[in-house]
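Descriptive structure summary
Single-letter residue listing:
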Amino acid sequence: MENKNSFDQWPISNEIITAIRNKGWSSPTDIQNDSIPFALNGTDLLAQAKTGSGKTVAFGIPAIERCIEDNSIQILILTPTRELASQVSEELNWLKGSKKIKVDAFYGGVGIEPQIQKIESGIEILVGTPGRIIDLIRKKILDISKLKMLILDEADRMLDMGFFPDVQWIISKSNDKRQTLLFSATFPQEILDLSSEMMNEPEHVLTSEFEVEIPDISQKFSRIGRINKSWALSNILFEFNFQGQILVFCNTKRMVEMLEQRFSKVIKDKKISSLQGDMSQSAREKVMNEFKSGNIDLLISTDVAARGLHVDGVNLVVNYDLPNAVDSYVHRIGRTGRMGNFGVAWSLVSSEEMGMVSILKNVHGLDINESEIPENENQYFSRKKDWNEHSNLFGMVSLSIDVGVDEGLNHQKLFDWVKGLIRISDLAIGSISIDERDSKIEIHQSKVDYVISAIEKNKDLGRIVHVAVV
Ligand code: AMP
C-alpha cells in the first residue's frame, strides 16, 4: 500500500483515493509529492508552482482532509480571478468524492444573493476572489474567524492585479491559529514579506530557487515589426494546420478585438473566438466552456481573461504581444504542453520588445530560440516592408556601403556626406565604422528608405554605390 509513487503513500481518506482512481490518475505530480506531506501535517507552506503542475490537488487534498462535514466555514481559498475560482471549486468537487463537504466559488460580476444563500445554508470550503469575499465579510454574511486553513492560489498574480491590500484585510479578519498555504509561480519581495507576516515558520517547497519553472515545451521567438504581426500569425497558424487548439495572447483588450475581427474575416472554416475583461461574466464563461469542450479552434485573449483556463488540448500558444512581466510569460506559455503534451510557444517580438526577450533568456535562463516565420501559400495578409524588423532597441538600422578608406572616406566625411544628401537630424545618424573598402553606418528606421535611395542615386564618386542592410 505504501507505494512512494502513488496517492496511497499518504494517510488520506478512501473517498479521495477512490475519486482519484476513478479519474484514472496513477501517480502524484512533483508539487503534490513535495507539498502534501507537509500540508497534511498542519505545517504552513510556501510553494512554487507553475500552472499545469497539479497545484490545485496539492492543496486540495489537505484542504478536504482538514474539513469535517458540519456546515461550518473551515477553509478559504483566494484566487486572483473568477475563472480560477470556478476551476478550483470544480476540481475540489470531484476530488472530495462521496464526502458530503460543500465547496463553492464566490466571485463578483454575478448576483450576490445566491451566494449568500449558499453560505447561509452551510458550506465548508469557499473559493473566492478577494473583492467578493470582502463584500461578504462586510455584509456580515461570512465569518472567517474560525478558519482552519487559508490558501492563496497564484499569489503573484494577486499581487500583479493589485489585490494585496484586499488580501491583507481578509487575513486580518481570520484567526492566527489557522494553517496557511501560499502557492505562487514567482516570489517577488512583497510575497516574501507577506509570508513572513502571516505564516508560521513555513516550509518552502521550491522547485528550483532561481529558476522559473516552465513546462517542457519548445519556445521560439521571431523578430517582427508591429505592422507585420498579422502576416506572421497567419503563416504560423497555417504551418500548424490547426492540429490542436491555439491560444493567442495580446496585451490589450482592443488588440484582442481587432485580431478576432481581422482573422474571422479571412479564416472562415475555423471557429475563432475571443476573451477579454470587458465581456460579461456569462459571455466569458460561455467562451471558456466552448474552448474547453474543443469547439473553438483559435482563442484570442488577454492575460487576465485567460487565468484559470485549463485546457489540455492546446499545443500552440502565440504571444502576439510579448508581456511586460516574466511571470505573465510563464503563465501564458504554461497553457500549452500541459501534463506532458507536446507544445510550442511562439512569441512575435518587435524591436521595442527585444529587451524582454533578453531578460527572459539571460536573467531567467529560459531556452527561447530565434526562428524564422514560416513562409507558406496561405497568406491572407501580405508582408509589408518594415525597417523596425531590422532595427536595434534604439530604432537604428545598420547599413553597409561599399566605399571605404581606399577612396578617401573617413568618419566625418561619411557623416557629412549623408547629411548633405537628405534632410536628416544628427540624432538619426548612429555609429559609423570605416574599413578599407566598405563602411557601416547606423540610420534611424524612419530615414532608412531616403538614405538608401539618395546614396544609390548619388554620382559623387563617379560610380554607383551599393547599400545593404546588415
Ligand atoms: P493545475 O496545476 O492544478 O491547474 O493542474 C493541471 C491539470 O493537471 C489539471 O487538469 C489537473 O486535473 C491535472 N492533474 C493534476 N494532478 C494530476 C495527476 N497527479 N495526474 C494526472 N493529472 C493531474
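Heads up: the structure comes first, above all this text.
What this report covers is the structure whose coordinates are included nearby. Treat the numbers as computed from the prediction; the structure is a model and nothing was measured. (Residues numbered from 1 in each chain as written. Predicted model: local features only at pLDDT ≥ 70, side-chain atom pairs only at ≥ 80, totals over all residues. Heavy atoms only, no water.)

Some thoughts on the pairing of strand β16 (residues 429-434)
Inspection of the sheet shows β16 paired to strand β17 (residues 439-444) by 4 bridges, in the antiparallel sense. Paired with I429 across the two strands is I443, which belongs to β17. What sits between the antiparallel neighbours β16 and β17 is a turn of 4 residues. (Pairing = 2+ DSSP bridges. Helix = DSSP H or I, 4+ residues; strand = E, 2+ residues; numbered from the N terminus.)

Considering the pattern of salt bridges
The final tally for this structure, using the stated rule, is 20 salt bridges. For E83, the salt bridge goes to R284, with nearest N and O atoms at 3.0 Å. In this pair, E83 sits in helix α4 (residues 82-95) while R284 sits in helix α12 (residues 281-292), placing the two residues 201 residues apart along the sequence. Note on E83: relative accessible area 6%, which makes it buried. Between E290 and K286 there is a salt bridge; the shortest N-O distance is 3.9 Å. Of the two residues, E290 and K286 both sit in helix α12, 4 residues apart, roughly one turn of that helix. (Salt bridge = Lys/Arg side-chain N within 4 Å of Asp/Glu carboxyl O. Buried < 20%, exposed > 50% of the residue type's maximum accessible area, 1.4 Å probe, protein only.)

Looking at the site of the ligand
Taken together, 15 residues lie around the ligand, and S27, Q32, G54, T56 and H310 are the ones closest in. One of the side-chain N or O atoms of T56 is found 2.5 Å from an oxygen atom in the ligand. Relative to its unbound accessible area of 500 Å², the ligand is 88% covered by the protein chains. When residues of the shell around the ligand are assigned to domains, at least three fall in each of domain 1 (7-210) and domain 2 (218-370). (Near = heavy atom within 4 Å. Polar contact = N/O pair within 3.5 Å; in protein donor to acceptor, adjacent residues only side chain to side chain. Areas by Shrake-Rupley, 256 points an atom, 1.4 Å probe, with all protein chains shown as cover. Domains from an automatic or database assignment.)

Digging into the sheet that holds strand β7 (residues 203-205)
Within the open sheet, the 7 strands sit side by side as β3-β4-β2-β5-β6-β1-β7. Their pairing is parallel. For this open sheet the edge positions go to β3 (103-106) and β7, each flanked by a neighbour on one side alone. Strand-to-strand twist across the sheet, computed as the mean angle between neighbouring axes with direction ignored, equals 15°. Judged from the 4 bridges that link them, strand β2 (residues 75-78) and strand β5 (residues 149-152) form a sheet pairing that is parallel. Bridge pairing links L78 to L152 in β5. Packing of helix α5 (residues 113-120) onto the sheet brings it into contact with β3 and β4 (125-128), and relative to β3 it is tilted by some 150°. (Axes fitted to C-alpha atoms, helices over the stretch in contact; angles between N-to-C directions. Contact = heavy atoms within 4.5 Å.)

Some words on the nonpolar core
By size, the foremost hydrophobic cluster in this structure holds 37 residues, and its most contacted members are I61, I77, I125 and F183. Each residue touching I77, except ones within four places of it in the same chain, is listed here: F59, V88, L92, I125, L126, V127, G128 and I151. Listed in part, the 32 residues of the second largest apolar core include L78, L152, I171 and M198. (Core = buried A, V, L, I, M, F, W, Y, C linked by side-chain atoms within 4.5 Å.)

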